[in-house]
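The chain contents come next:
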Amino acid sequence: MSRLIHPSRWVQGTVLLVIFLCGWTLVKFAWPTGEVLGKPLDTYLLQLGAPMPKDRESAREVIEQHRERFLTHCLQLVSEQPSGLDRWIARMRARVATSRLGSILKVSPPYWDQQKRLMAMRTLGLIQPSLDQVDEVLHSGLRDRDQPFRMETAKLLASLNPPAFEVLEDALEDSDAVVRKAATYAVYRMGSHAEELTPSLIQCLVKDPQIEPDPLLYDALALMGNRAANELGKRLPEASAPTRQRLTKAMIPLGGRCRPYGQWFIEGMRESSPQMRAFSLEAFSTSSWTDQTASEHVFPLLRDEDAMVRLTVLRCMDTHLPLVEDALEHLLVLLEDQEPEIRRWTQRLIERMPITQTASPKVLSHALESRNLFVRQVASQKLEQLAVRK
């Protein structure tokens, strides 16, 4: 009977915890934060992330009409860094909110608090404050534990353009990979306007040979045009083998801007590393493979011992069809390759390549005598194609 009259300790603890959570939530989140047009400011922040475009547009209009009020409120929200206690309380709130008792007491889950803070950072991007007003929150935002919040911080940095260069330069040199990734995303969004940060991007690219760089780094460098080509090329002569491989890979999308470094790519195609040969080949293909003479450096790699390199050659040849007829004999040999993907690409090349030399039909006719059925089929189809065109 005494157990029915006196609650046990765990029941008392649970009740006290719920009372504490409700009181803490009321003080920190339900306390009035100001209103606009009869609604709390937080309502418009959450509406900015609503699924319906009409709701988002309506929130933007209100925010733009009351910039100063939202600026002050949003700066306060994003400046609040959750402590260990805050995160523990958030976990407890999540448990209570999903219980029957939580629904009775109307305990809200912590998701809405996180969403409100995230939308506050997004709102700052709409308001476009000066760098002095958001300098502190930018530094802390890049280091935030919440990945979406870091990305919103990066977007705000990107919208500030030149004033944000100093912040981004420091972030790209940060020892924390999370911070460097967020800064790289900001530079990527800025595009060629951020070409002054090219040396910092390259330093970030080659910083740690043991860790594979973020793919976004290569995409960001590709947007920097001539500045990136010159900065990358200058580092090739003194770079170590792993660093030279990364530099070469970054030069691939820059195309003709890297033509002055064609000789480095030719030397790279003779390296012992299959990846280095493949990257050098791609860089040479996009920058320096412009005539039949250049083909002499490419075709020997059709006999490369590494399947990845052979496949890379075929893909590069596919973009230079008028220059690949001299490799017809090598291609016919590759039709017997052990790799199905290589055989498929070889067939594609032979079918698409233009035939202009008188010796090519003879090479195809000789292939009809091959013991390999697939070789005979491809050669026969190409000869029939030539006969029809005549």
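Scroll up a little and you will see the structure.
Residues numbered from 1 in each chain as written. Predicted model: local features only at pLDDT ≥ 70, side-chain atom pairs only at ≥ 80, totals over all residues. Heavy atoms only, no water.

Engineer: Mind showing me how you'd approach the overall build of the protein here?
Structural biologist: When helices and strands are counted, the protein shows 24 helices and 2 strands. Going through the 390 residues of the protein one by one, you find that 45% of them count as buried. Element-wise, carbon and sulfur atoms account for 53% of the exposed surface of the protein, whose accessible area totals about 21,400 Å². (Helix = DSSP H or I, 4+ residues; strand = E, 2+ residues; numbered from the N terminus. Buried < 20%, exposed > 50% of the residue type's maximum accessible area, 1.4 Å probe, protein only. Areas by Shrake-Rupley, 256 points an atom, 1.4 Å probe, with all protein chains shown as cover.)

Engineer: Please clarify how unusual backbone geometry should be interpreted in this entry.
Structural biologist: Backbone phi values are negative for most residues with the exception of glycine, while trans is the configuration of most peptide bonds. The phi angle at glutamine 128 is positive, at roughly 60°, despite the residue not being glycine. Among the structural elements, glutamine 128 can be located in the loop between α8 (111–127) and α9 (131–141). Residue asparagine 161 is not a glycine yet carries a positive backbone phi of 55°. Note on asparagine 161: relative accessible area 26%, which makes it partly exposed.

Engineer: How should the packing of helix α20 (residues 307–317) against helix α22 (residues 340–352) be read in this particular structure?
Structural biologist: When two helices pack together, their arrangement is captured by the angle between the axes and the distance separating the axes. For the pair α20 and α22, the least separation of the axes is 10 Å and the interaxial angle reads 20°. One finds that α20 runs roughly parallel with respect to α22. As for the relative orientation of α20 and α22, their crossing is left-handed in sense. Within the contact between the two elements, α20 uses Ala307, Arg310, Leu311, Leu314, Arg315 and Met317 and α22 uses Glu341, Ile342, Trp345, Thr346 and Leu349. Across the contact of α20 with α22, the residue classes break down as 7 nonpolar, 1 polar and 3 charged. (Axes fitted to C-alpha atoms, helices over the stretch in contact; angles between N-to-C directions. Parallel < 35°, antiparallel > 145°, perpendicular 65-115°, else oblique. Left-handed = near helix turned anticlockwise from the far one by under 90°. Contact = heavy atoms within 4.5 Å. Nonpolar A, V, L, I, M, F, W, Y, C, P; charged D, E, K, R; others polar.)

Engineer: Just to check I follow, could you spell out helix α14 (residues 215–222) for this structure?
Structural biologist: Every α-helix winds through 3.6 residues per turn, so residues three or four apart in the chain are directed the same way. Within α14, the full set of buried residues consists of Leu216, Leu217, Tyr218, Ala220 and Leu221. Considering only its buried residues, α14 is in contact with α12 (177–190), α13 (198–206), α15 (225–235) and α16 (241–251). Here α14 starts with a cap whose side-chain oxygen sits 3.0 Å from the backbone nitrogen of leucine 216, and that cap is aspartate 214. (Polar contact = N/O pair within 3.5 Å; in protein donor to acceptor, adjacent residues only side chain to side chain.)

Engineer: Looking at this structure, how should I read the pattern of salt bridges?
Structural biologist: Two side chains with opposite charge may pair up if their charged atoms get near one another. Within this structure, the stated rule accounts for 15 salt bridges. Here arginine 143 and aspartate 174 are joined by a salt bridge, their closest N and O atoms 2.5 Å apart. One end of the pair, arginine 143, is in the loop between α9 and α10 (147–160); the other, aspartate 174, is in the loop between α11 (165–172) and α12, and 31 residues separate them in sequence. With a relative accessible area of 42%, arginine 143 lands in the partly exposed category. A salt bridge links arginine 315 to glutamate 341; the nearest nitrogen and oxygen atoms lie 4.0 Å apart. In this pair, arginine 315 sits in helix α20 while glutamate 341 sits in helix α22, placing the two residues 26 residues apart along the sequence. Overall, the relative accessible area of 42% leaves arginine 315 in the partly exposed class. Beyond isolated ion pairs, a larger network of salt bridges with shared partners links Arg122, Glu152 and Lys155. (Salt bridge = Lys/Arg side-chain N within 4 Å of Asp/Glu carboxyl O.)

Engineer: Before we go on, may I ask you to explain the side chain of lysine 382 in this structure?
Structural biologist: Turning to its location among the elements, lysine 382 is positioned in helix α24 (residues 373–389). Buried charge without a salt bridge: lysine 382, with glutamate 351 as the nearest opposite-charge side chain at an N-O distance of 8.3 Å. Among the polar contacts listed, one links the side chain of lysine 382 to the backbone oxygen of isoleucine 350, at a separation of 3.0 Å. The contacts of lysine 382, once residues within four sequence positions are left out, are Ile350, Glu351, Arg352, Met353, Ile355 and Leu364. (Lys, Arg positive; Asp, Glu negative; His and termini not counted.)

Engineer: Whenever I open this one, a negative patch on the surface confuses me. Can you help?
Structural biologist: The grouping of Glu166, Glu169, Asp170 and Glu173 at the surface amounts to a negative patch. Given the relative accessible area of 43%, aspartate 170 is considered partly exposed. (Patch = residues over 30% accessible without salt bridge, like charges linked within 9 Å, V, L, I, M, F, W, Y side chains within 5 Å. Charge placed at Lys NZ, Arg CZ, Asp CG, Glu CD.)

Engineer: Would you mind going over α10 with me for this structure?
Structural biologist: Over its 14 residues, α10 extends 20 Å from the first C-alpha to the last, a length consistent with the 20 Å expected when each residue adds 1.5 Å. Of all the positions in α10, only Phe149, Arg150, Met151, Glu152, Thr153, Ala154, Leu156, Leu157, Ala158 and Leu160 are classed as buried. Phi turns positive, to about 55°, at asparagine 161, one or two residues after α10. (Expected span 1.5 Å × (residues − 1).)

Engineer: Mind showing me how you'd approach the nonpolar core here?
Structural biologist: Judged by nonpolar contacts, the single largest core of 109 residues is most densely connected at Leu124, Trp289, Leu302 and Met317. Apart from residues lying up to four places away in sequence, leucine 124 is in contact with Leu71, Cys74, Leu75, Val78, Pro129, Val134 and Leu156. (Core = buried A, V, L, I, M, F, W, Y, C linked by side-chain atoms within 4.5 Å.)

Engineer: Explain the environment of alanine 283 to me, please; I cannot follow it from the model alone.
Structural biologist: Within the secondary structure, alanine 283 sits in helix α18 (residues 274–287). Among the residues examined, alanine 283 registers a relative accessible area of 1% and is labelled buried. When the C-alpha positions of alanine 283 and leucine 254 are compared, they lie 8.4 Å apart, and in sequence the two are 29 residues distant. Once you skip the residues sitting within four places of it in the chain, alanine 283 turns out to touch Thr248, Ile252, Phe265 and Ser288.

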